[in-house]
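The chain contents come next:
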Amino acid sequence: MKKFLALLLTTCLLLSGCSIGRGGEYIPTGDALVGSDLTDTRPPEEKPEQVLDLVYYPQLSLNPLKSDNYVNKMVLSLVHMGLFGVDKNYEAVPLLCGSYAVSEDLMTYYFYLAPGATFSDGTAVTMNDVYASYQVAQETEMYRNRFYHFSDISVNEAGALVVQLDTAFENLPILMDIPIIKASEVDSDRPLGAGPYFFESSISGLQLRRRSNWWCESEDLAAAATSVSLTVAESPSQIRNEFQFANVDLVVADPGSDFYADYRGDFELWDMESGMFLYLGFNFNEDRVFSKASLRSQLTYMIDRETIAEKYYHGFALAASLPASPNSPFYNRNLASKYVYEPEKMKAAVINGGLVGTEVKFLVNADDSLRLRVANFIKAELEDLGFKVTMIESTAYEYQYYLNMQDYDLYLAQTKLSANMDLSQFFYLYAPLCYGNAENEAAYALCEDALSNQGSYYNLHKKVMDEGLICPILFHSYAVYATRGTVTDLAPGRDNVFFYTIGKSLMDIQVPLDE
């Protein structure tokens, strides 16, 4: 009887033209067939092949050592690999590096390539390729700062890349995620890579093709498509429109940019760490307003970081009361809680110091209109405390000039900190981030201690905040949008949309130094 009812129901649905399920096939549901001896003989449905369409700017370089455009870097993360990768929690994982050793004093590292590593044309990756890539990288704005403590780089007779440092490093691999390209192609606009995809031309334009001969395997690579279409990008708003009209499946945007276009609709969303650090710096000269640590150290309590992050960065920023990303292992939340927003503390310092009505020259790069808006917010906070604020709204060129001439009391700045959150360049005379007589031997020594022992970041950050050497505001991130269901396993790393591992950890590949 149950068989008859089920067959009758199916017949009625077919006659009525009703189709349910994929391809119009009726799939019984509910308990109508409970106890039935009917057996479903249909083959299990195969998982559909992933369809993935991305965007890129063709007028910008596709050389990973020279392109700092976050849109193109999304594509390049599928084509190129470094010796290591860095995940969202600031942990380094091995990629092209097969093993490494370090000297007892932590000042010399030896890196060896993974056996069988090849570029997409099948040729072997060599240490000469690594060396050539690093020589180019240390001359670029994008990678230059991470070489700050490198004394020498060479390739020894055993085929190891030897890195000699001017101070001890507990974790050098965290800086070694620089993409590796062929030594003969360092000046190419589209060099070959060792990653899972390669560029190819098609009738419809440039696209990515999955390597059939990829030298390694990854269980967590979110991209699985055989080919990836690349749509030409023209502007952030055009990219947003292409995504919302379903012409592309995954895009990355910078909510900290003047040109950010807000996204609406149904999508999956991830934050991607960028290392971009927004902070206030001071003029330490004796004749300037913030010359005394007793006042500088109180400024942290005036900054409403949470409001700035939400109002100006659309929530794609982490308020930071210490000079390290809150997602990093270097950020001590108990210590950070001592320096959060409490404006009454700063107000008391202004009143007790007899500073009500004092003029403050506040320098900002007005070429960045978002930064200018944040500066105006901070200006209002300063004025609420009784200061008379004169804004120096300058072009990028003028901004640098004023910094060098030290004609300011306070400045708003942004820089990209390396993944180890090294602050050395803030405190060493003539270093790129040392302005307003900010050199500080004791702070620099603590920077070195932190590099050699991660536990020492606490002491460094405490000194920075207690003496007001810099005033952290936030770290802002990129936004990664994807059509729902396209890349459910995506886990962006630092500056890497398609971060993946190959099943190894640092502990797996560190070997004793063979003296």
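Rules and cut-offs
- Residues numbered from 1 in each chain as written.
- Predicted model: local features only at pLDDT ≥ 70, side-chain atom pairs only at ≥ 80, totals over all residues.
- Heavy atoms only, no water.
- Axes fitted to C-alpha atoms, helices over the stretch in contact; angles between N-to-C directions.
- Helix = DSSP H or I, 4+ residues; strand = E, 2+ residues; numbered from the N terminus.
- Left-handed = near helix turned anticlockwise from the far one by under 90°.
- Contact = heavy atoms within 4.5 Å.
- Nonpolar A, V, L, I, M, F, W, Y, C, P; charged D, E, K, R; others polar.
- Buried < 20%, exposed > 50% of the residue type's maximum accessible area, 1.4 Å probe, protein only.
- Pairing = 2+ DSSP bridges.
- pLDDT = per-residue confidence, 0-100.
- Core = buried A, V, L, I, M, F, W, Y, C linked by side-chain atoms within 4.5 Å.
- Phe/Tyr/Trp six-rings, centres within 6.5 Å; stacked < 30°, edge-to-face > 60°.
- Lys NZ or Arg CZ within 6 Å of the ring centre and 35° of its normal.
- Salt bridge = Lys/Arg side-chain N within 4 Å of Asp/Glu carboxyl O.

**Comments concerning the packing of helix α6 (residues 305-313) against helix α9 (residues 369-384)**
- Where α6 contacts α9, the axes come no closer than 11 Å and their chain directions differ by 145°. The handedness of the crossing between α6 and α9 comes out as right-handed. Note on element contacts: α9 touches α6 through Leu370, Arg373, Val374, Phe377 and Ile378, opposite Thr307, Ile308, Tyr312 and Tyr313.
- Partitioned by chemical class, the residues of the contact of α6 with α9 number seven nonpolar, one polar and one charged.

**Here we look at helix α4 (residues 236-244)**
- For α4, the complete set of buried residues consists of Gln238, Ile239, Arg240, Glu242 and Phe243.
- Contact partners of the buried residues in α4: β1 (52-56), α2 (70-76), β10 (227-232), β11 (250-253) and β17 (471-482).
- Once α4 finishes, Ala246 follows within two positions and takes phi at roughly 65°, a positive value.

**A look at unusual backbone geometry**
- In the Ramachandran plot, Gln406 falls in the positive-phi region, its phi being about 60° despite a non-glycine side chain.
- Tracing the chain through its elements places Gln406 in the loop between α10 (396-405) and β16 (410-416).
- When its relative accessible area of 24% is taken as the criterion, Gln406 is described as partly exposed.
- One non-glycine residue, Asn437, lies in the positive phi region at around 60°.
- Position of Asn437 among the secondary structure elements: in the loop between α11 (424-427) and α12 (441-452).

**Here we look at the pairing of β10**
- Sheet analysis places β1 next to β10, joined by five bridges and oriented parallel. Counted as the bridge partner of Leu52 is Val228 from β10.
- Note: strand β9 (residues 205-210) against β10, three bridges, orientation antiparallel. Each residue of the ladder has a partner; that of Arg209, found in β10, is Ser227.

**Re the confidence of the model for the protein chain**
- Averaged over the protein chain, the pLDDT score is 91; the fraction of residues at 70 or greater is 91%.
- Counted against residues more than four places away or in other chains, residues 1-38, with its pLDDT under 50, gives 16 contacts.

**With respect to the nonpolar core**
- Phe111, Leu250 and Ile378 are the most contacted members of the largest nonpolar core, which totals 175 residues.
- Among the elements that make up this core, the one with the highest residue count is β17 (nine residues).

**Here's the deal with the sheet that holds β1**
- Strand order in the open sheet formed by four strands is β1-β10-β9-β8, with mixed pairing between adjacent strands. The open sheet has two edge strands with one neighbour each: β1 and β8 (197-202). Strand-to-strand twist across the sheet, computed as the mean angle between neighbouring axes with direction ignored, equals 35°.

**Here's the deal with the environment of Pro94**
- Structurally, the position occupied by Pro94 is in strand β3 (residues 92-94).
- We classify Pro94 as buried; its relative accessible area is 0%.
- Sequence separation between Pro94 and Asp508 is 414 residues; the distance between their C-alpha atoms is 9.0 Å.
- Excluding its chain neighbours within four sequence positions, the residues that come into contact with Pro94 are Leu83, Phe84, Ile502, Lys504, Ser505, Leu506 and Ile509.

**Observations regarding the packing of aromatic side chains**
- Taken as a whole and assessed by the stated rule, the structure comprises 28 aromatic pairs.
- A centroid spacing of 5.5 Å and a plane angle of 50° characterise the contact between Phe282 and Phe290, whose relative ring orientation is tilted. Like Phe282, the residue Phe290 is buried in the burial classification.
- Seen from their ring centres, Phe330 and Tyr457 are 4.5 Å apart, and the 35° between their planes marks the pair as tilted. With Phe330 in the loop between β13 (317-319) and α7 (333-336) and Tyr457 in helix α13 (residues 457-466), this residue pair connects regions lying 127 residues apart in the sequence.
- With relative accessibility at 7%, the residue Phe330 sits in the buried group.
- Taking the relative accessible area as the measure of exposure, Tyr457 reaches 3% and is therefore buried.
- Lying across the ring of Tyr301, Lys345 places its NZ or CZ 4.5 Å from the centre.

**Focus: the pattern of salt bridges**
- Scanning the model with the defined rule gives 17 salt bridges in all.
- Taking the shortest distance from any N to any O, the salt bridge between Arg288 and Asp409 comes out at 3.0 Å. Residue Arg288 is found in the loop between β12 (268-282) and α5 (293-296), and its partner Asp409 is found in the loop between α10 and β16; the two are separated by 121 residues along the sequence.
- Here Arg288 falls in the buried class, since its relative accessible area comes to 16%.

**Regarding the sheet that holds strand β6 (residues 150-155)**
- Here four strands make up an open sheet; going across it, the order is β4-β5-β7-β6 and the pairing antiparallel. For this open sheet the edge positions go to β4 (97-102) and β6, each flanked by a neighbour on one side alone. Each strand axis lies, on average, 15° off the axis of its neighbour in the sheet, ignoring direction.

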